[in-house]
Amino acid sequence: MGEKIDCKVLAMDDVLTDSLQRPLRDLRISVTDRCNFRCGYCMPKDIFGKGYPFLKQSSLLSCDQVARLVRIFAGLGVHKIRLTGGEPLLRQDLEELVRKIAEIPGIDDIALTTNASLLSRERALSLNQAGIRRLNISLDALTPEIYARINQIPVPLEDILSGVAHALEAPYQAVKINMVVQKGVNDKDILPMVEYFRGSQAVLRFIEFMDVGNHNQWNPEQVFASQDIVSLINRVYPIRPASANYPGEVARRWRYEDGQGEIGVISSVTQPFCGDCARARLSARGELFTCLFATAGFDLKKLLEADASDTEITSQLRDIWGRRTDRYSMERLSRTRSDPSGHRGRKVEMSYIGG
Ligand code: SAM
Ligand code: SF4
Ligand code: SF4
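In what follows, the accompanying structure is described. (Residues numbered from 1 in each chain as written. Chains lettered and ligands numbered in written order. Predicted model: local features only at pLDDT ≥ 70, side-chain atom pairs only at ≥ 80, totals over all residues. Heavy atoms only, no water.)

## Side note on the pairing of strand E8 (residues 252-256)
Then comes step 1: The pairing of strand E7 (residues 239-242) with E8 spans four bridges and is antiparallel. Looking at E8, one finds that Arg240 is bridged to Arg255.
Then comes step 2: Of the strand pairs in this sheet, E8 and strand E9 (residues 262-266) are connected by four bridges, and their pairing is antiparallel. Across the sheet, the residue bridging to Arg252 is Val265, located in E9.
Then comes step 3: In this structure, the hairpin formed by E8 and E9 is closed by a connection of five residues, where Gly259 is found at a positive phi of approximately 80°. (Pairing = 2+ DSSP bridges. Helix = DSSP H or I, 4+ residues; strand = E, 2+ residues; numbered from the N terminus.)

Below is the structure:
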C-alpha cells in the first residue's frame, strides 16, 4: 500500500492551488467506463455499440489502487469523493471500494451518481452501510416514452422510481435527482418532475445540456437555460433563492415558498463556475484529468505499476495541479456562434472520465 502520507489538515500556506488559485478539494472517480444505458447525450448507441473498445476488466484500477491514490489525494487537501462512471453499480466490488475509501483519514464525504436501474433495496442499504453518504440519481423524464427515447434501453421507468424509493428508505444524508434538460426532448417533463418530487425528501436538480465528449451532437439551441427553468417553475410553484450550503456549491438553490422543499439548477453552460472548480477526475484505468472537457490526462497507473513511492506520486500531483489552467466552460461562453462547441481537439468521453 506504500508509505503513509500525513493527512492532517493542511496549514493555509501549504494549501495546493492551481495557476488560477483554485484549491484541490474534490475527486471524481470513474469506477467503470461501461454502462447499461445508452443516453444520447453521453453514450450514443451508434458510437458505443457492439465492438466499442471498452476497457478490459484487467485494465481497471483495483480497489487497493484506487484507495492508495485517494489516500495520496487526501494528503493534498481532497476531502470529498464522488464515485461515478459509466454506471458504477455495474462494478461488483463497489461496496468494498467504498469501505476502503471511507477508512481514509481526511475523507469526510463519499457520494455516488447512478442511473438507479440496479439500485435494489439491498444495494441501497449495503452502499450506505459501506460509507456512501449522498446519492445522486439521474432521471430525465417521467413520461415512459421520453425516458426510453433518452436512455435507448428498454428499462421500465418503474424500476428507476423503485430505486429512488429504496434510496429514500435507506438512511442517506441526501438524495438528489438529476434531470438533464434538452429543449424539445424532455422539457415538457419539467413540471411533472417538479410535481412528483415536491414535498418528498429528494431534491430535484436541473442540469444544462453540455457538449461533453465528441459524439452527442451538442448544439447551443438545445440548451434549456436554468434561468428559463426557474421562470417556468416559478409561474406555477413560486420559489425564492436560497443561500448555498457551502462556498463553491455548483447548484444554485431555490426554495418553494409554500415550504415543500427545494430545487437546484446547475448552469454549466449559461453561468459557468470554473472560477470555483476544485475538482479533479480519475478515470477507471487510472488517468488524472483536471477538467471534464480535457483532451489528455496524466497516467497515474503507470506510476503505480512502476512502484513509485507516495512521495513521488504526491510530487507529480502537486506539479500537475500547480500548472492547471482549465476554464473550458468560461471559454465556451465567450466563443463565437461559428464555433459554438469550442472544440480544441478530441475530448475525453464523459463515461470514461466520470460525469
Ligand atoms: N451512469 C451514472 C448516471 O447516469 O447517473 C453516472 C455517470 S453519468 C456520466 C453522470 C451524470 O452526468 C448524469 O447525471 C448524467 O445525466 C450527466 N450527463 C451525462 N452527459 C451529460 C451532458 N451531455 N450534459 C449534462 N449532463 C450530462
Ligand atoms: Fe450511462 Fe450515465 Fe452516461 Fe446515461 S449518463 S449513458 S446512464 S453513464
Ligand atoms: Fe471545472 Fe472544467 Fe467544468 Fe470549468 S469546465 S467547471 S474547469 S470541469
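## Observations concerning the pattern of salt bridges
A side chain with one charge can pair with a side chain of the opposite charge if their charged atoms come near.
Then comes step 1: For the structure shown, the criterion picks out 19 salt bridges.
Then comes step 2: Lys100 is the partner of Glu96 in a salt bridge, and the nearest nitrogen-oxygen pair spans 3.9 Å. Highlighted residues: Glu96 and Lys100, both in helix H2 (residues 94-102), separated by four residues, approximately one helical turn.
Then comes step 3: Judged by its relative accessible area of 23%, Lys100 falls in the partly exposed class.
Then comes step 4: With a shortest N-O distance of 3.7 Å, Lys347 and Asp211 are connected by a salt bridge. With a gap of 136 residues between them, Lys347 in the loop between helix H10 (328-333) and helix H11 (350-353) and Asp211 in the loop between strand E6 (202-208) and helix H7 (226-236) connect regions that are remote in the sequence. Each member of the pair Lys347 and Asp211 is classed as buried. (Salt bridge = Lys/Arg side-chain N within 4 Å of Asp/Glu carboxyl O. Buried < 20%, exposed > 50% of the residue type's maximum accessible area, 1.4 Å probe, protein only.)

## Points about the pairing of strand E4 (residues 134-138)
Then comes step 1: In terms of burial, E4 is a largely internal element, four of the five residues being buried.
Then comes step 2: The parallel pair strand E3 (residues 109-114) and E4, bridged by helix H3 (residues 121-130), forms a crossover whose chirality is right-handed.
Then comes step 3: Pairing of E4 with strand E5 (residues 174-181) involves five bridges; the strand directions are parallel. Across the sheet, the residue bridging to Arg134 is Ala174, located in E5. (Right-handed = clockwise from strand over helix to strand, strands pointing away.)

## Re the site of ligand 3
Then comes step 1: In the region of ligand 3, the neighbouring residues are Phe273, Cys274, Cys277, Arg281, Cys291, Leu292, Phe293, Arg324, Asp326, Tyr328 and Ser329.
Then comes step 2: Residue composition of the shell around ligand 3, grouped by class: seven nonpolar, one polar and three charged. (Near = heavy atom within 4 Å. Nonpolar A, V, L, I, M, F, W, Y, C, P; charged D, E, K, R; others polar.)

## Things to note about the packing of aromatic side chains
Then comes step 1: Tallying each qualifying case throughout the model produces eight aromatic pairs.
Then comes step 2: Between Phe48 and Phe54 the ring centres are 6.4 Å apart and the planes differ by 35°, which places this aromatic pair in the tilted class. The two residues Phe48 and Phe54 agree in class, both being buried.
Then comes step 3: One aromatic cluster is present, built from ring pairs that chain together Phe48, Tyr52 and Phe54.
Then comes step 4: Across the ring face of Phe293, the terminal group of Arg332 is positioned such that the distance to the ring centre comes to 5.2 Å. (Phe/Tyr/Trp six-rings, centres within 6.5 Å; stacked < 30°, edge-to-face > 60°. Lys NZ or Arg CZ within 6 Å of the ring centre and 35° of its normal.)

Purely spatial values, then, with no claim about function.
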